[in-house]
Amino acid sequence: MTASEPRLLEKLDGSPTDIEAYIKVGGYEAWRNCVTSMQPDDIVGELKKSGLRGRGGAGFPTGIKWDKVLNHRVKERYFVCNAGEHEPGTFKDRYLLKHYPHQLLEGCLIAAYTVRAKAAFIYANHEYEEERKNLKQAIEQARAKGLLGKNVLGTGRDLEIEIFEGHGSYVAGEETAMLESMQGRPAMPRQKPPFYPTDFGLYGKPTLVNNVETLCNIPRILRKGADWFTQVGTEKSPGTMLFSLSGAVNKPGVYEMPLGTPLRKLIEEFGGGVPGGRKVKAVFPGGPAFSMVTADQLDLPMDFDALKKAGTGLGSAGVIVVDDATCMVAQTLKFSNFFKNESCGQCPPCRMGTLNLAALMTKIEEGEGTQKDMDTLLQLCGFVKGTGYCTLVTGAAVLVQSAVRLFRPEFEAHIAQKRCPFQPVRTAVGAVS
Ligand SMILES: Cc1cc2nc3c(=O)[nH]c(=O)nc-3n(C[C@H](O)[C@H](O)[C@H](O)COP(=O)(O)O)c2cc1C
C-alpha cells in the first residue's frame, strides 16, 4: 500500500461486469466481514475515523449520517443510493456505474445492512441505460453467489437491492425530491424542516441517502482501513475524489486525484491543457451552481474547505474550463437557461427568479440590455439567494453574481456596443441555446 495508490478505483483485470475479476482484487471481502464479524457500530466507527465526506455535493460526513440512521429510535428505515446525476459537467457517477457496478453494489449492501434498512434502492438516471444494464447484471451475479437475496451468506438474513428508474430532471437529484418521486409524487423538493431524510425520508421514515461515489469508497475503506484512506487528501477532506473535467481542455474525462491537489494539475497534466494555444479564462470548480474562479487562481487546492474559503465550492467536482475566446455573458446565459428549464416551479422565488434572471441575461447578451437591467439583475440575485425549498435558485443567483463580479467589463461592452462583442458567439460548453 502506498500513498500514491488510488483510494477509490480498483484496477480490474477483466470486464466490469465479471464478478470474478472484482473478487480477484478483494471485492466483496468487506461485505463478508461486515456480515460475519463486524457490528454495525464498528462499521460506522471506521467510517467516522476515515473522515469520508459525501461526494454528491454537500460534503456531509458519511459516518455521522450513517450513525443518525442506525441509532434512530424509529426502527423502520430505508436506504437509497442517489444515482440521479443530471448536472451539466458532472459525469463521474455514470463512469462508476458503467465500470465499477460491483464496487457500487458492495457499498450499497454494506450501507443497507449497517443501518438495518427494511428496503434498499438505487435511484438511477433514466438516461443511463447501459449503466443500469451493467448494474442489473452485477446484482444477478452477486445473487448467484449468495451475496444478496435470500439467506445472505448463510446468515439467515435477506437483503435485496432494487433499481429504481429515475425521474430524469436535475431537481430529482435533490434528495427529498428524489424520495417524493419514488413515492409516485412529482419530483419536487420537500419544504424544510424537517431538514434531512435521516429523520424524515422515504414514507416519512429515517432514510440513508448517499451518492454513488460516496458508496464506492466504502468497501476499500473497510477492507484496507481508515488509516490507509487518510494517508492521502487533506486533514478535513481525506481520500481522493473523482473529477469530471470538461470544457476547454484537450483531454476531458474522469480523473481520480487526492483531495487538495491544485486545480492546475487537473487542467494541465490530466486534461492536457487548453486546446488551440488558448489560455484559461475562468473555471467552474464545482459545476455551474458555484462561483467561478479565474486564471490567477489555478493553484487553489481542490478540497471542500479551501474552495469554500476562496468563496466558491467543490460540489460534486464537475470542473468546467472556459477559454479566453469565450463570451462570459453567453456562457453564463447558457447556464441561466439550464436553471430556468430545470426549476420544478414549486416555490415562487425559484420559478420567477430563474425565469427573470434568464430573461435579463438574454437581453444583455442580445445587445438590448441597459444599465438599469444590470442593477435589476444584481438586485434580483440578492432577493432570491437562499430562498428556495432547495438550493437551485441560490445556484442560479451565485452564477450570475460571480459572472458580473469577475467579468463586469464584458457585460458593459454588450450594453455599450448594443451587441455581443464576441463574433461568432462562442461558449466553452456547447452552443448557446
Ligand atoms: C438541485 C440538486 C440536485 C442534486 N443532484 C444530486 C445528484 O444527482 N446526485 C447526488 O448524489 N446528489 C445530488 N444532490 C445532493 C443530494 O441532495 C444529497 O445531498 C446527496 O445525494 C447526499 O449524498 P452524499 O452525502 O453521499 O453526498 C443534489 C442537490 C440539489 C440541491
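What counts as what
Residues numbered from 1 in each chain as written. Predicted model: local features only at pLDDT ≥ 70, side-chain atom pairs only at ≥ 80, totals over all residues. Heavy atoms only, no water. Core = buried A, V, L, I, M, F, W, Y, C linked by side-chain atoms within 4.5 Å. Buried < 20%, exposed > 50% of the residue type's maximum accessible area, 1.4 Å probe, protein only. Contact = heavy atoms within 4.5 Å. Domains from an automatic or database assignment. Salt bridge = Lys/Arg side-chain N within 4 Å of Asp/Glu carboxyl O. Polar contact = N/O pair within 3.5 Å; in protein donor to acceptor, adjacent residues only side chain to side chain. Helix = DSSP H or I, 4+ residues; strand = E, 2+ residues; numbered from the N terminus. Pairing = 2+ DSSP bridges. Axes fitted to C-alpha atoms, helices over the stretch in contact; angles between N-to-C directions. Expected span 1.5 Å × (residues − 1).

Thoughts on the nonpolar core
Soluble globular proteins tend to pack their nonpolar side chains together in the buried interior. W31, W66 and F79 are the most contacted members of the largest nonpolar core, which totals 57 residues. Setting aside anything within four residues of it in sequence, one finds F79 in contact with C108, A111, A112, A117, A119, A120, F121, T207, L208 and L215.

As for the domain arrangement of the chain
When cut into domains, the chain gives domain 1 (19–229), domain 2 (240–323) and domain 3 (328–417). Relative placement of domain 1 and domain 2: their C-alpha centres are 27 Å apart. Contacts between domain 1 and domain 2 engage 16 residues on the former and 20 residues on the latter. In this assembly, domain 1 and domain 2 are joined by one salt bridge. Taking the shortest distance from any N to any O, the salt bridge between R53 and D305 comes out at 3.2 Å. Between domain 1 and domain 2 we count five residue pairs in polar contact (both at pLDDT 80 or more) in total. At three residues, the largest contribution of residues to the side of domain 1 that touches domain 2 is made by helix α5 (residues 92–99).

Quick notes on the sheet that holds strand β1 (residues 78–83)
Read from one edge to the other, the open sheet built from four strands follows the order β3-β2-β1-β4, with strand pairing classed as parallel. Of all strands in the sheet, those with a lone pairing partner are β3 (161–165) and β4 (207–211), marking the two edges. Averaged over neighbouring strand pairs, the angle between their axes works out to 25° when direction is ignored. Both β1 and strand β2 (residues 119–124) contribute to a ladder of six bridges, which runs parallel.

Focus on the pattern of salt bridges
Here the structure, examined in full by the defined rule, presents 26 salt bridges. Between D93 and K92 there is a salt bridge whose closest N-O contact spans 2.9 Å. Overall, D93 belongs to the buried group, its relative accessible area being 3%. Its relative accessible area of 0% is what places K92 among the buried residues. The closest approach of N and O atoms between E180 and R185, which form a salt bridge, is 3.0 Å. Residue class for E180 comes out buried when judged on its relative accessible area of 12%. Here the salt bridges share partners, and the residues they tie into one network are R55, K92, D93 and E213.

A short note on helix α13 (residues 328–342)
The end-to-end C-alpha separation of α13 is 21 Å, in line with the 21 Å expected for 15 residues at 1.5 Å each. Most of α13 sits inside the fold, with 13 of its 15 residues counted as buried.

A look at unusual backbone geometry
Looking along the chain, the bond that leaves K192 and enters P193 is cis, with omega of -5°. Within the secondary structure layout, P193 lies in the loop between α8 (175–182) and β4. With omega at 0°, the peptide bond leading from P193 into P194 counts as cis. Tracing the backbone shows P194 in the loop between α8 and β4. One non-glycine residue, Y28, adopts positive backbone phi at about 70°.

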